Amino acid sequence: MRTGLNPLQWSFRARFGLGFVLCVALLAYALYVQFILQVQPCPLCILQRIAFMVMGVVFLLGTLHAPRTRGRWIYTLLVTVAAVLGAGVATRHLWLQMQPPNPFGSCGAPLNYMIDNLPLAEVIRKVFIGSGDCAVVDWRFLGMPMPFWTLLWYVLLGAWALLAVRARK
């Protein structure tokens with residue numbers, strides 16, 4: 001069936017396909033910032049990337065499967081849960097960046113070092129407490145830091161998944 005240019009008239013498969021492409025584009029940009037612009041990600045950035053990866057995989061599976069009624073809700077629920085978790089991490093990251101600078105703060109250990117050397121519960125605790133480098137704003141677009149933009153994308157992609165449930169058959 002022919003699909004128009006209006007994304008609100010697209011099929012579930014087309015809507016989830018766009019969600020997948022957007023997640024891949026966001027992750028590709030994160031890698032560009034890391035390897036080309038030389039901005040190293042903090043532990044909270046890594047968690048946000050993982051949330052986008054989970055969303056991208058679910059969007060891809062939904063695109064390939066193109067389920068009917070109940071299956072659409074399952075895929076949408078999975079995307080929405082990943083979006084809410086990612087938004088929570090991004091909100092925490094923004095909160096850390098809005099605090100006054102701590103002159104005694106340190107960057108802390110990298111995430112891969114913590115995973116190799118600490119129990120998982122301790123790694124999770126340390127990641128959410130945040131390290132000095134999580135509070136540093138070293139990238140901005142239109143005056144806003146990276147966690148603001150990731151939070152916006154979590155909200156938009158979660159809403160997009162919810163709209164996809166109501167797509168035509």
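Refer to the structure printed above.
Here's what I pulled together on the structure shown here. (Residues numbered from 1 in each chain as written. Predicted model: local features only at pLDDT ≥ 70, side-chain atom pairs only at ≥ 80, totals over all residues. Heavy atoms only, no water.)

## Some details on the overall build of the protein chain
Okay, so step 1: Across its full length, the protein chain holds seven helices and two strands.
Okay, so step 2: Reading the protein chain from its N terminus to its C terminus gives the helix and strand order α-α-α-α-α-α-β-β-α.
Okay, so step 3: In the protein chain, which comprises 169 residues, the share counted as buried stands at 36%.
Okay, so step 4: The contacts of the protein chain with a sequence gap of at least 6 include a subset with a gap of at least 24, amounting to 81%.
Okay, so step 5: For the protein chain, the accessible surface area stands at approximately 10,300 Å², while carbon and sulfur atoms represent 72% of it. (Helix = DSSP H or I, 4+ residues; strand = E, 2+ residues; numbered from the N terminus. Buried < 20%, exposed > 50% of the residue type's maximum accessible area, 1.4 Å probe, protein only. Contact = heavy atoms within 4.5 Å. Areas by Shrake-Rupley, 256 points an atom, 1.4 Å probe, with all protein chains shown as cover.)

## Re the side chain of Ser 11
Okay, so step 1: Relative to the helices and strands, Ser 11 resides in the segment before α1 (12-35).
Okay, so step 2: Looking at Ser 11, its side chain comes within polar contact range of the main-chain nitrogen of Ala 14, at 3.2 Å. (Polar contact = N/O pair within 3.5 Å; in protein donor to acceptor, adjacent residues only side chain to side chain.)

## Here we look at the packing of aromatic side chains
Okay, so step 1: Applying the stated criterion across every chain, the model contains six aromatic pairs.
Okay, so step 2: Their ring planes at 15° and their centres at 4.2 Å tell us that Phe 52 and Tyr 154 sit as a pair that is stacked. One end of the pair, Phe 52, is in helix α2 (residues 43-65); the other, Tyr 154, is in helix α7 (residues 146-165), and 102 residues separate them in sequence.
Okay, so step 3: For Tyr 154, a relative accessible area of 2% translates into the label buried.
Okay, so step 4: Seen in terms of ring centroids, Phe 148 and Trp 149 are 5.0 Å apart; in terms of plane orientation they differ by 85°. Their pairing is edge-to-face.
Okay, so step 5: Put simply, the rings of Phe 12, Phe 16 and Phe 59 touch in pairs and so form one group of aromatic residues. (Phe/Tyr/Trp six-rings, centres within 6.5 Å; stacked < 30°, edge-to-face > 60°.)

## Re the packing of α1 against α7
Okay, so step 1: Here α1 crosses α7 at 165°, and the two axes come no closer than 9 Å. In terms of orientation, α1 lies roughly antiparallel with respect to α7. For the crossing formed where α1 meets α7, the hand is left-handed. In this structure, α1 contributes Phe 12, Arg 15, Phe 16, Leu 18, Gly 19, Leu 22, Cys 23, Leu 26 and Val 33 to the contact, and α7 contributes Met 146, Trp 153, Leu 157, Trp 160, Ala 161, Leu 163, Ala 164 and Val 165.
Okay, so step 2: Taken together, the residues of the contact of α1 with α7 sort by class into 15 nonpolar, one polar and one charged. (Axes fitted to C-alpha atoms, helices over the stretch in contact; angles between N-to-C directions. Parallel < 35°, antiparallel > 145°, perpendicular 65-115°, else oblique. Left-handed = near helix turned anticlockwise from the far one by under 90°. Nonpolar A, V, L, I, M, F, W, Y, C, P; charged D, E, K, R; others polar.)

## What to know about the environment of Phe 148
Okay, so step 1: With respect to the helices and strands, Phe 148 occurs in helix α7.
Okay, so step 2: Looking at Phe 148, the relative accessible area reads 26%, which means it is partly exposed.
Okay, so step 3: The sequence separation of Phe 148 and Leu 94 amounts to 54 residues, and the corresponding C-alpha distance is 6.6 Å.

## A look at a nonpolar patch on the surface
Okay, so step 1: Taken together, the side chains of Tyr 29, Leu 31, Tyr 32, Phe 35, Ile 36 and Leu 37 make up a nonpolar region of the molecular surface, amounting to roughly 590 Å² of accessible area.
Okay, so step 2: Among the secondary structure elements, Phe 35 is positioned in helix α1. (Patch = residues over 30% accessible without salt bridge, like charges linked within 9 Å, V, L, I, M, F, W, Y side chains within 5 Å. Salt bridge = Lys/Arg side-chain N within 4 Å of Asp/Glu carboxyl O.)

## Details of the layout of surface pockets
Okay, so step 1: One number sums up the size of the largest pocket: a volume of about 520 Å³.
Okay, so step 2: Lining the largest pocket are 27 residues, with Ala 30, Cys 45, Trp 139, Met 146 and Thr 150 sitting closest to its centre.
Okay, so step 3: Secondary structure elements with two or more residues in the lining of the largest pocket: α1, α2, α3 (69-98) and α7.
Okay, so step 4: When the residues that make up the lining of the largest pocket are grouped by side-chain class, the tally is 19 nonpolar, five polar and three charged. (1 Å grid on protein atoms, 1.4 Å probe; cavity = no way out; pocket = protein on both sides within 12 Å on 5 of 7 lines; lining within 4 Å. Points joined across faces, edges and corners; volume = space filled by probe spheres on them.)

## Things to note about the packing of α1 against α2
Okay, so step 1: The N-to-C vectors of α1 and α2 enclose an angle of 150°; their axes lie 8 Å apart at closest approach. In terms of their interaxial angle, α1 and α2 are classed as roughly antiparallel. Considering only the axes of α1 and α2, their crossing is left-handed. Along its contact with α1, which presents Phe 12, Arg 13, Phe 16, Gly 17, Gly 19, Phe 20, Cys 23, Leu 26, Leu 27, Ala 30, Leu 31 and Gln 34, the element α2 presents Arg 49, Phe 52, Met 53, Met 55, Gly 56, Val 58, Phe 59, Leu 60, Gly 62, Thr 63, Leu 64 and His 65.

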